[in-house]
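# Notes for the structure review
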4 protein chains.
Amino acid sequence: MSTATALSGVIPPVCTPLTPDFEVDTASLVRLIDHLLAGGVDGLFVLGSTSEVAFLPDTHRRVVLDTVVGHVAGQVPVLAGVIDMTTLRVLDHAATAVAAGVDGLVATAPFYTRTHPAEIELHFRTIAARTGLPLYAYDLPVSVHSKLPGDLLLGLAADGVLAGLKDSSGDEGGLRNVLLGRRDRPGAADFAVLTGSELTVDSALWMGADGVVPGLGNVDPHGYTRLYAAARAGDWPAARREQERLVRLFDLVAVGRARMGHGSSALGAFKAALHLLGVIAHPTTAVPQIPLDESEIAAVGTFLAAAELR
Amino acid sequence: MSTATALSGVIPPVCTPLTPDFEVDTASLVRLIDHLLAGGVDGLFVLGSTSEVAFLPDTHRRVVLDTVVGHVAGQVPVLAGVIDMTTLRVLDHAATAVAAGVDGLVATAPFYTRTHPAEIELHFRTIAARTGLPLYAYDLPVSVHSKLPGDLLLGLAADGVLAGLKDSSGDEGGLRNVLLGRRDRPGAADFAVLTGSELTVDSALWMGADGVVPGLGNVDPHGYTRLYAAARAGDWPAARREQERLVRLFDLVAVGRARMGHGSSALGAFKAALHLLGVIAHPTTAVPQIPLDESEIAAVGTFLAAAELR
Amino acid sequence: MSTATALSGVIPPVCTPLTPDFEVDTASLVRLIDHLLAGGVDGLFVLGSTSEVAFLPDTHRRVVLDTVVGHVAGQVPVLAGVIDMTTLRVLDHAATAVAAGVDGLVATAPFYTRTHPAEIELHFRTIAARTGLPLYAYDLPVSVHSKLPGDLLLGLAADGVLAGLKDSSGDEGGLRNVLLGRRDRPGAADFAVLTGSELTVDSALWMGADGVVPGLGNVDPHGYTRLYAAARAGDWPAARREQERLVRLFDLVAVGRARMGHGSSALGAFKAALHLLGVIAHPTTAVPQIPLDESEIAAVGTFLAAAELR
Amino acid sequence: MSTATALSGVIPPVCTPLTPDFEVDTASLVRLIDHLLAGGVDGLFVLGSTSEVAFLPDTHRRVVLDTVVGHVAGQVPVLAGVIDMTTLRVLDHAATAVAAGVDGLVATAPFYTRTHPAEIELHFRTIAARTGLPLYAYDLPVSVHSKLPGDLLLGLAADGVLAGLKDSSGDEGGLRNVLLGRRDRPGAADFAVLTGSELTVDSALWMGADGVVPGLGNVDPHGYTRLYAAARAGDWPAARREQERLVRLFDLVAVGRARMGHGSSALGAFKAALHLLGVIAHPTTAVPQIPLDESEIAAVGTFLAAAELR
């Protein structure tokens, strides 16, 4: 599966099903992949934030890569997150992902350290130079605590260092600057721009984005592929109707917020939904996340019913 | 080497000397350990932020642990940072550190994820339960982007979960609350409180802290051990004079700030100083940090001369 | 001029022309109003952030109100910012604005203080109860350092406390939640939602927003009114073309960033453009903002030429 | 009352007693001043954050100035906060304060706007040039969202622009840099450095600070004057004992935190304490702050009893 052409479409960040003792539940993972492929997705992004990559030890990461790459067998491109604090650690993850046979790598700016833009640039240049795969920058200020500057991204795009961007910054004005900038920069034309903002996908596609990486796509892949198809067909009102249904469904991420972190509530809700839908065997999220309780899981079920997914 | 009694004194976070191609320079590391032991330090903290732990791949971390534990051979306690995003990843590092024979573990709150205090608590409880070593909480909001609440620390201290705290938050009011709180809580009396704030060590000891983990102690261990000895002897004016000399020396951390991150400038300056002092073979810092240039290194030399270290 | 029907369309935040000694240049202000009315705007927002409200003493604020309300004479609604730290101070500004005859008031959450959501709610309820005018909430986290929660806004909308929202938060997902929420809440249907994000106006209108409050609209009101008209006519491709031209023009806000605050650079560029276009007599911004220098002003001219405004 | 010599000692930020309908309760204010003078304070700081300056309209500010300056009648210096967003607005407050006869002015960096250090410098230089009184910089990042750089402060001190600093940043390392820096800079020797951190006053005095501006000093002025006197007499253990008692008393600021902002809880607790002590007639805090309820007020009483103030 070549990714020489720019990546596009719906590429969900794949949840990582776990057993109650926090091992990777590979049988559930295979069912989840089938659920997503049946939903018509255009690619898969494993080991991203929605995959609980921050919670998975290296052995778990390896199991995920082998399971997914093996099961997908080239039907769609598989991108792998290589999320870690700085360059040398990222390169170790990249080596594992390359060996597993993925089609592209996704890296954030350094975190934990306070990093100068010149250092962020060197970070991406070093990763690209040492791995032979398309490299996607992952802009996620809520986790990384720095915002990738548009000029830096476009410069790295024009130089062929970056193959694309997953923008989860929520900064739609910045996204638009990148989308216009790539038209103007020789060499940046095939820089793939994907949004990670689940609530504004029609808008991002309207501005010129190539695709979307929606965490909620685990629960409702058909919704996002219908949205994407409508947009590509120029039927923007249909895209908007689908998006608005998904905006309302997305509220399930808040079911546990009174008792836990926002991330735990969202990841717990996605997994509870997949469990209720019969896709995965356990709704377990990794330690130290607080699990959803029965009433919170019931609330997730209500959202699924309202969205006519059950 | 037992740490059944509370840790105290000067416990520098040990820099990790690197070769120009970013391998651990074990010969330099051994010389650095000797330099610190000759300086009279009371313990060593490896794989902390000053050790560039965020930049070191797992194999490097292992080399550091084996080199230091082997060379120290029980002369002083060795604490090991087990710095990673969440619990299961930290437990992997902890297993390596335990196998290497360290005397205690140092862990931060989860980072990259947004974590609820109840999840931070579960994080520390899980680490303590799964390892048999004294566990120290590392409060470093500048990296972790959350502040450890005093009540949470004192509760974990009283329950025997935490053996101590390395407070690098810069919040001296919060530090004082913990210091008073441990007097009032049964079971927390032997909770060790160490400050990581190099500029206010006399003040922290005056408030009741047990010791200090000074990054600058790599460069001038004698300065910090003299400061600590003066404080223990009740000669506070001498402690202050020593502290004030060290405050002025500490300004070397800013030599590169115009061109790089604050962390890179500080770590680069510490290593340049150790190189100029003949302790380590190369001033190399790990990629993607910008290296100090000649004029910045010369500025470091001027600071050393002003402090009469050369 | 009644605003009983929800406000909509293009409502620029009006720059406040100053003389070189920082007095309000009322002749220039009148020309600017004529420039905007000739551009077809649907309303005017005075004493907002783009008006340098934070820099204007109370006497200047009063001059602005009297000048604009007098000159507009009911042709379009005039909204007035009542920007201050907390409730009683805001009420003083509101009394002045009411006396001047404005058509609506625009208030932020409290700032300088750290405020609980229940206190933000009481703040808006108190202002609405003590003034007889439509009240618009101004969501501007970059200045106020808190984000207005969607649920709070919708609750106040349903209760008739708030007439609308100016959303300058840049959080398009949150904006969409408010837009969908007002459909679902009885009583919130006529809650006016205006975006202050100049780069995504087509997208905000597409999602259902009623209008836009664009700082850049001072420089190019025709651009925004063409954009709005195209959107209302359902000619979204034309709206996008206009938006993209405006995105490129908006880059003028960065001409001074290397030497001054982002705000000073943007406000200085708007005023330099209005000066180059012959609308206002002086490009002066209020102390302590650094003025643009000649080369920066020339760069603004280049942007105007590229946008075919000169 | 001249302040030509550097200010020193205990200078509490004076609470502003209010009637239940939010007018200044001047009778209570006079009693509070007497309470503080009887406590032996060395000066008074009115219209600071603890005075609820952010909540007071200009007429209230004027009443406070006239009441306090008139009642104090030169017994101790009176400093006045001139807290507002930017320079011209601050100058209006300064003119009022000068007319009222205060002995010095206290100003923060600009807020609400995003301000460059060069603009902060121009801000202070403009205020100092236009008023004839000693000017004190107020470093309060929690409200102002920028930190005053030490170099900027020392440069303004050496140039005679600033008479001193009230440091409420909580950054004790930065405080120490300023304290050492003023020794090294010609012209900065009489720059007064006051800490606003109530929990580390002994430590700040130990480092060389000249005095303290403690909000808690409203409740227990004798505590702070005893602390200061002990430090000046070189009896540091007595200073520490007093400080530790005050640290425990300070916990009263948290009584309402579950239901309101941190500021409302602290200001409410100070006023509840003053009411319980019979100093002020009403515990009212300004709108939109949530008032303490009966159980929270009872908790304040328990703190007073524990500190042997009742």
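Time to look at the overall build of chain A. Counting its regular elements, chain A contains twelve helices and eight strands. Against the 2.2 N^0.38 benchmark of 19 Å for 310 residues, chain A shows a C-alpha radius of gyration of 18 Å, consistent with a compact globule. By residue count, 64% of the 310 residues in chain A fall in the buried class. In chain A, once contacts between residues fewer than 6 apart in sequence are set aside, the share between residues at least 24 apart is 73%.

Here the focus is the relation of the copies chain C and chain D. Mapping chain C onto chain D is achieved by rotating through 180° and translating by 0.0 Å along the same axis, at an RMSD of 0.0 Å. Expressed as an axis order, the relation between the two copies is that of a two-fold axis. Of the residues that chain C buries at the interface, 100% are likewise interface residues in chain D, meaning the two copies contact each other through the same surface.

Bringing the pairing of strand 3 (residues 78–81) of chain D into the picture now. Residues and elements named next belong to chain D. Of the two faces of strand 3, the one lined by Val78 and Ala80 and the one lined by Leu79 and Gly81 are each fully buried. Strand direction decides the pairing type here: strand 2 (residues 44–46) and strand 3, joined by three bridges, are parallel. Within strand 3, the residue paired with Phe45 across the bridge is Leu79. Viewed along the sheet, the connection from strand 2 through helix 2 (residues 58–72) into strand 3 turns out right-handed.

As a further point, take the interface of chain D and chain B. Chain D puts 22 residues into the contact, and the matching count from chain B is 22 residues. Of the roughly 2100 Å² buried between chain D and chain B, counting both surfaces, carbon and sulfur atoms make up 52%. Three residues, Arg176, Trp206 and Arg248 of chain D, lead the burial of chain D against chain B; their summed loss comes to 31% of the area buried on that side. Residue Arg183 of chain D is joined to Glu244 of chain B by a salt bridge in which the shortest nitrogen-to-oxygen separation is 2.8 Å.

Turning next to the environment of Gly48 of chain C. Mapped onto the elements of the fold, Gly48 of chain C is located in the loop between strand 2 (44–46) and helix 2 (58–72). A sequence separation of 35 residues divides Gly48 of chain C from Pro13 of chain C, and the C-alpha atoms of the two residues are 6.0 Å apart.

All names here are of chain C. Direction vectors running N to C along helix 9 (residues 221–232) and helix 10 (residues 236–250) enclose 160°, while the axes themselves pass 7 Å from each other. Classed by the angle they form, the pair helix 9 and helix 10 counts as roughly antiparallel. In terms of crossing hand, the pair formed by helix 9 and helix 10 is left-handed. Across the interface between the two elements, Gly223, Tyr224, Arg226, Leu227, Ala230 and Ala231 of helix 9 pack against Trp236, Ala238, Ala239, Glu242, Gln243, Arg245 and Leu246 of helix 10. Within the contact of helix 9 with helix 10, the residues separate by chemical class into eight nonpolar, two polar and three charged.

Turning our attention to unusual backbone geometry. The peptide bond linking Val287 of chain B to Pro288 of chain B adopts the cis configuration, its omega dihedral lying at 10°. Along the chain, Pro288 of chain B falls in the loop between helix 11 (262–276) and helix 12 (294–306). Of note in this structure, His145 of chain C is not a glycine but carries a positive phi near 65°.

What follows is about the arrangement of the chains. Regarding chain B and chain C, the two do not touch, and the least distance separating their C-alpha atoms is 13 Å. A gap remains between chain A and chain D, which never touch, and the nearest two C-alpha atoms on either side lie 13 Å apart.

Before going further, it helps to examine the interface of chain C and chain D. At the interface, 46 residues of chain C touch 46 residues of chain D. A combined buried area of about 3900 Å² lies between chain C and chain D, and 62% of that area is made up of carbon and sulfur atoms. Scanning the region where chain C abuts chain D turns up four salt bridges. Scanning the region where chain C abuts chain D turns up 16 residue pairs in polar contact (both at pLDDT 80 or more). Among the elements of the structure, helix 2, helix 3 (87–100), helix 4 (117–130), helix 5 (141–144) and helix 11 (262–276) of chain C are those that each provide at least two residues to the side of chain C that touches chain D. For the side of chain C that touches chain D, the residue count by class is 22 nonpolar, 16 polar and eight charged.

The next thing to look at is the side chain of Gln243 of chain A. Summarising the element assignment, Gln243 of chain A is placed in helix 10 (residues 236–250). According to the relative accessible area criterion, Gln243 of chain A is buried, its value standing at 0%. A polar contact is formed between the side chain of Gln243 of chain A and the backbone nitrogen of Val201 of chain A, at a distance of 2.8 Å. If near-sequence neighbours (up to four positions away) are discounted, Gln243 of chain A is found in contact with Glu198, Leu199, Thr200, Val201, Asp202 and Leu227 of chain A together with Arg176 of chain C.

Time to look at the sheet that holds strand 7 (residues 192–195) of chain C. All names here are of chain C. Reading across the sheet, the eight strands line up as 1-8-7-6-5-4-3-2 and stay open at both edges, with parallel pairing between neighbours. Edge positions in the open sheet fall to strand 1 (9–10) and strand 2, since each of these has one partner strand only. Direction of pairing for strand 4 (residues 104–108) relative to strand 5 (residues 135–139): parallel, over a ladder of four bridges. Note that in strand 5 the partner of Thr108 across the bridge is Tyr138. Across the sheet, helix 7 (residues 172–184) touches strand 6 (164–167) and strand 7, and the angle it forms with strand 7 is around 160°.

In the case of a regular strand, side chains alternate between the two sheet surfaces. Residues and elements named next belong to chain A. The pairing of strand 3 (residues 78–81) with strand 4 (residues 104–108) spans three bridges and is parallel. By the bridge assignment for strand 4, Ala80 is matched with Leu105. Since strand 3 and strand 4 lie parallel, the crossover through helix 3 (residues 87–100) that links them has a hand, and here it is right-handed.

This part takes up the packing of aromatic side chains. The geometry of an aromatic ring pair comes down to the distance between the two centres and the angle between the two planes. In this structure the tally under the stated criterion is 16 aromatic pairs over all chains. For Arg240 of chain B, the ring lying beneath its charged end belongs to Trp206 of chain D, and the centroid distance is 4.0 Å.

Let's shift gears to the sheet that holds strand 5 (residues 135–139) of chain B. Overall, parallel pairing links the eight strands, which are arranged 1-8-7-6-5-4-3-2 (chain B) in an open sheet. Of all strands in the sheet, those with a lone pairing partner are strand 1 (9–10) and strand 2 (44–46) of chain B, marking the two edges.

Residues and elements named next belong to chain A. Note that Leu216 resides in the loop between strand 8 (211–212) and helix 9 (221–232). For Leu216, a relative accessible area of 0% corresponds to the buried category. Leu216 sits 19 residues away from Ser197 along the chain, and the two C-alpha atoms are 10.0 Å apart. When residues no more than four places from it in sequence are discounted, the contact partners of Leu216 are Glu198, Tyr224, Leu246, Leu249, Phe250 and Phe270.

As a further point, take the nonpolar core. Of all hydrophobic cores here, the largest spans 454 residues; its most connected members are Phe124 of chain A, Phe124 of chain B, Phe124 of chain C together with Phe124 of chain D. Here Phe124 of chain A is in contact with Ala107, Thr108, Ala109, Leu135, Ala137, Leu148, Leu156, Val161 and Leu162 of chain A, once residues within four sequence places are set aside.

So, about the side chain of Arg89 of chain A. Relative to the elements of secondary structure, Arg89 of chain A occurs in helix 3. Ignoring sequence-local partners within four residues, the contact set of Arg89 of chain A consists of Asp84 of chain A together with Val53, Ala54, Leu56, Pro57, Asp58, Arg61, Asp84, Arg89 and His93 of chain B.

Further remarks concern the packing of helix 2 of chain C against helix 3 of chain C. All names here are of chain C. Contact geometry of helix 2 with helix 3 gives a least axis separation of 9 Å together with a crossing angle of 25°. Relative to helix 3, the element helix 2 is oriented roughly parallel. As helix 2 packs across helix 3, the resulting crossing turns out to be right-handed. Note on element contacts: helix 3 touches helix 2 through His93, Thr96, Ala97 and Ala100, opposite Asp58, Arg61, Arg62, Leu65, Asp66 and Val69. The residue makeup of the contact of helix 2 with helix 3, split by class, is four nonpolar, two polar and four charged.

Overall, the coordinates contain 68 salt bridges over all chains when judged by the stated rule. We note a salt bridge from Arg248 of chain C to Asp184 of chain A, for which the minimum N-O separation is 2.8 Å. Separated into two different chains, Arg248 of chain C in helix 10 and Asp184 of chain A in helix 7 (residues 172–184) make up a pair that spans both. Owing to a relative accessible area of 33%, Arg248 of chain C belongs among the partly exposed residues under this scheme. Each of the salt bridges in this network shares a partner with another, and the network as a whole consists of Asp58, Asp84 and Arg89 of chain A together with Asp58, Asp84 and Arg89 of chain B.

Conventions we followed
Residues numbered from 1 in each chain as written. Chains lettered and ligands numbered in written order. Predicted model: local features only at pLDDT ≥ 70, side-chain atom pairs only at ≥ 80, totals over all residues. Heavy atoms only, no water. Helix = DSSP H or I, 4+ residues; strand = E, 2+ residues; numbered from the N terminus. Rg over C-alpha atoms; globule rule 2.2 N^0.38 Å. Buried < 20%, exposed > 50% of the residue type's maximum accessible area, 1.4 Å probe, protein only. Contact = heavy atoms within 4.5 Å. Least-squares fit on C-alpha atoms with pLDDT ≥ 70 in both. Pairing = 2+ DSSP bridges. Right-handed = clockwise from strand over helix to strand, strands pointing away. Buried area = accessible area lost by both parts, 1.4 Å probe. Salt bridge = Lys/Arg side-chain N within 4 Å of Asp/Glu carboxyl O. Axes fitted to C-alpha atoms, helices over the stretch in contact; angles between N-to-C directions. Parallel < 35°, antiparallel > 145°, perpendicular 65-115°, else oblique. Left-handed = near helix turned anticlockwise from the far one by under 90°. Nonpolar A, V, L, I, M, F, W, Y, C, P; charged D, E, K, R; others polar. Polar contact = N/O pair within 3.5 Å; in protein donor to acceptor, adjacent residues only side chain to side chain. Phe/Tyr/Trp six-rings, centres within 6.5 Å; stacked < 30°, edge-to-face > 60°. Lys NZ or Arg CZ within 6 Å of the ring centre and 35° of its normal. Core = buried A, V, L, I, M, F, W, Y, C linked by side-chain atoms within 4.5 Å.

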